[in-house]
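Fold and geometry: a report
Single-letter residue listing:
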Amino acid sequence: MSSLARARARKEKKARNKGYARGEKVSSSINRNVYRSYVEQLKAEEIHRKEVIANLWIIFQYTMIERYRFGAQRLTRLRNKTWGEFEAIMAGNVHVREIDQFLRNDVEFSCGLSAVDKNASRWKQIEDQAIREVSAAFLMALLDEFNIKSKGLENICHYAFDLNNKLVAGEISYTDMENRIVKVMSRKIPKKRVLTEVAM
């Protein structure tokens, strides 16, 4: 190989190496952007999930105040039992479909906890899953802690559903319900009422 040919080969090799380095740099930048976008998406989904859970819990508490006249004592018991059940679902110790089957077979109550819309958007699926999980925990808490069964569970679900419709229609707001809950939770309970609620 002549000196000219060798020089040309070295120049071409250098250019190729430079191109490879530039390509790797661009690829690395793309990968970082994709990863960053993925992380941001996960964060947004988790924020939405927590918002759905918080709003549903407000509806459930307000329902029990208005429908069953729950005071601070029973609301506290409901909260503790519900979140205990919810943590069990999150840990995989029990599944929503098992709770749904138990309610249908043993309590003769069904509200479609296991229903899944596979054609729904990713955002809607996250929302529906959160609703199913919190609802399952809430219903089991009512059954186990307060012995509320088929007809009572049905009435509570109807009331909560109507509340949601009122929210959509603008007839009531989450702020209105939160204020009512805070008022009830801050109210001092007479001793004989405490004893009555604990006995229930």
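Let me begin by describing the structure that accompanies this report. Everything numeric in this text was worked out from a predicted model, so none of it was measured.

1. Topic: the state of the cysteines
A complete count under the given rule lists 0 disulfides for this structure. There is no disulfide at Cys-111, and the cysteine sulfur nearest it, in Cys-157, is 4.8 Å away. The exposure class of Cys-111 is partly exposed, given its relative accessible area of 35%.

2. As for the layout of surface pockets
Empty space within the largest pocket amounts to approximately 730 Å³. Lining the largest pocket are 28 residues; nearest its centre among them are Leu-56, Phe-60, Ile-131, Ser-135 and Phe-161. Elements with a minimum of two residues in the lining of the largest pocket: α1 (3-68), α4 (122-146) and α5 (150-169). Of the residues in the lining of the largest pocket, the class split is 16 nonpolar, 7 polar and 5 charged.

3. Points about unusual backbone geometry
The backbone phi angle of Arg-69 is positive, close to 55°, even though this residue is not glycine. Note that Arg-69 resides in the loop between α1 and α2 (72-90). Residue classification places Arg-69 among the exposed residues on the basis of a relative accessible area of 55%.

What counts, and where the lines are drawn
- Counting from 1, residues in each chain are numbered in the order their sequence is written.
- In keeping with the model being predicted, local features are shown solely for residues with a pLDDT of at least 70 and side-chain atom pairs are shown and tallied solely at 80 or more, while totals for entire chains, interfaces and linings include all residues.
- Only heavy atoms go into the side-chain values, all of them from the structure, while hydrogens and water stay out.
- Note on terminology: pairs of cysteine sulfur atoms within 2.5 Å are recorded as disulfides.
- Type-normalised accessible area, obtained with a 1.4 Å probe on protein chains alone, sets the label of each residue: buried when under 20%, exposed when over 50%, and partly exposed for intermediate values.
- Put simply, the grid is 1 Å and covers the protein atoms alone, a cavity is a trapped set of points that fit a 1.4 Å probe, a pocket is an open set with protein on both sides within 12 Å along at least five of seven lines, and lining residues have an atom within 4 Å of a point.
- Grid points are joined across faces, edges and corners, and a volume is the space filled by probe spheres set on the points.
- The numbering of helices and of strands both runs from the N terminus, where a helix is a DSSP run of H or I of at least 4 residues and a strand a run of E of at least 2.
- Residues are sorted three ways: Asp, Glu, Lys and Arg are charged, Ala, Val, Leu, Ile, Met, Phe, Trp, Tyr, Cys and Pro are nonpolar, and all the rest, Gly among them, are polar.

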